Amino acid sequence: MNIISINTASRYCSVSVSLSDNLEETIQSESTLSHSSELAVNVKNLIDKHNLKAEDLDFIIVNIGPGSFTGLRIGVSFAKGLSMSHNIPIVPINSFDIILNKLNLELKSFFICIHSHKNYAYAQRYDDRNKTDSPKLINLDEKYNYPIYLVGLDTDSTDRFNHVSFNSADLLEIGKTNIQKNATNNLSSIRPLYIDYK
């Protein structure tokens, strides 16, 4: 299978490809928040490099968030456009599941958090690797009784958080294992995951 993965939830736009011969490659932007100018270019460069055409792609894996508000709109819209033009199924994956898959934790309880703004983060609590409730916005200045695995806060000088990162290669890894369950051509069902400020 020829698969492309798109991550625009982070500050750096990244695109990965997995080919039928098991070759994988990733392009990550060097500039922050350059999603609108670099996403289409990087996708084209990646498929051109491996002598592919868009219609040669079997699946598009896309991160639906949470993450950068504008970045998610750009990434999900691009994936939908590519899907519609060439009838390619999309595999939507959320940021929390990407990080959970990457960490492979055996802790009883913990939070996975994605920095939103100032001292706030989108948070998902887990017990035994199972989600306990819906994700919510939390204040990182408050004290919590569980370890916090945090993406995107580069200025933290404390040891309160376990800092992690991810890109389209991590998205590709979990996406390939979820193709049978999540792949769809129903584009209206694919929306960015936004979390209300409550």
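What counts and what doesn't
- Residues numbered from 1 in each chain as written.
- Predicted model: local features only at pLDDT ≥ 70, side-chain atom pairs only at ≥ 80, totals over all residues.
- Heavy atoms only, no water.
- Axes fitted to C-alpha atoms, helices over the stretch in contact; angles between N-to-C directions.
- Helix = DSSP H or I, 4+ residues; strand = E, 2+ residues; numbered from the N terminus.
- Parallel < 35°, antiparallel > 145°, perpendicular 65-115°, else oblique.
- Left-handed = near helix turned anticlockwise from the far one by under 90°.
- Contact = heavy atoms within 4.5 Å.
- Nonpolar A, V, L, I, M, F, W, Y, C, P; charged D, E, K, R; others polar.
- Core = buried A, V, L, I, M, F, W, Y, C linked by side-chain atoms within 4.5 Å.
- Buried < 20%, exposed > 50% of the residue type's maximum accessible area, 1.4 Å probe, protein only.
- Pairing = 2+ DSSP bridges.
- Right-handed = clockwise from strand over helix to strand, strands pointing away.
- Salt bridge = Lys/Arg side-chain N within 4 Å of Asp/Glu carboxyl O.
- Expected span 1.5 Å × (residues − 1).
- Arc of directions from axis to C-beta.

(A) Broad picture of the packing of helix α1 (residues 35-49) against helix α2 (residues 69-86). Their axes nearest at 10 Å, the elements α1 and α2 cross at an angle of 30 degrees. Classified by the interaxial angle, the pair formed by α1 and α2 is roughly parallel. In terms of crossing hand, the pair formed by α1 and α2 is right-handed. Facing His35, Ser36, Leu39, Ala40 and Val43 of α1, the residues of α2 in contact are Gly71, Ile74, Gly75 and Phe78. When its residues are assigned to classes, the contact of α1 with α2 shows five nonpolar, four polar and no charged.

(B) Region of the structure containing the nonpolar core. With 25 residues, the main nonpolar core has Ile61, Ile93, Phe96, Ile99, Phe110 and Ile112 as its most contacted residues. Taken together, the elements giving at least two residues each to this core come down to β4 (59-63), β5 (90-93), α3 (95-103), β6 (109-117), β7 (120-127), β10 (148-151) and α4 (168-177). When residues in this core are grouped by element, the largest group, four residues, is from α3. Those residues within four positions of phenylalanine 96 in sequence are excluded, and the remaining contacts are Pro66, Ile112, Ile114, Tyr122, Ala123, Gln124, Tyr126, Pro135 and Ile195. Of all hydrophobic cores here, the second largest spans 23 residues; its members include Val17, Val62, Val76 and Ile88.

(C) View of the pairing of β5. Neither face of β5 is exposed, since Ile90 and Pro92 on one face and Val91 and Ile93 on the opposite face are all buried. Alignment of β4 against β5, held across four bridges, turns out to be parallel. Its bridge partner lying in β5, isoleucine 61 is registered against valine 91. For the handedness criterion, the β-α-β arrangement of β4, α2 and β5 is classed as right-handed.

(D) Geometry of the packing of α3 against α4. Look at α3 against α4: their axes get within 9 Å of each other, and the N-to-C directions meet at 90 degrees. Here α4 runs roughly perpendicular to α3, going by the angle between their axes. The residues of α4 that touch α3, namely those facing Asp97, Ile98, Asn101 and Lys102, are Asp170, Leu171, Glu173 and Ile174. Along the lines of polarity and charge, the residues of the contact of α3 with α4 split into three nonpolar, one polar and four charged.

(E) View of the pattern of salt bridges. Under the counting rule described, the total for this entry stands at seven salt bridges. Glutamate 24 serves as the salt-bridge partner of lysine 176, at 2.5 Å between the closest nitrogen and oxygen. Taken together, the residues lysine 176 in helix α4 and glutamate 24 in strand β3 (residues 24-28) connect sequence positions 152 residues apart. A salt bridge links lysine 102 to aspartate 170, with the shortest nitrogen-to-oxygen separation between them at 3.5 Å.

(F) Representation of α2 within the structure. Its 18 residues place the ends of α2 26 Å apart at the C-alpha level, agreeing with the 26 Å of an ideal helix rising 1.5 Å per residue. Buried residues of α2: Gly71, Leu72, Gly75, Val76, Ala79, Leu82 and Ser83, and no others. With its buried residues spanning 125 degrees around the axis, α2 presents them on a single face. Opposite the buried face of α2, at more than 90 degrees from it, the exposed residues are Arg73, Met84 and Ser85. Contacts made by the buried residues of α2 are with β1 (3-7), α1, β4 and β5. After α2 finishes, the residue asparagine 87 shows a positive phi value of roughly 55 degrees.

All we've got here are geometric facts, nothing functional implied.
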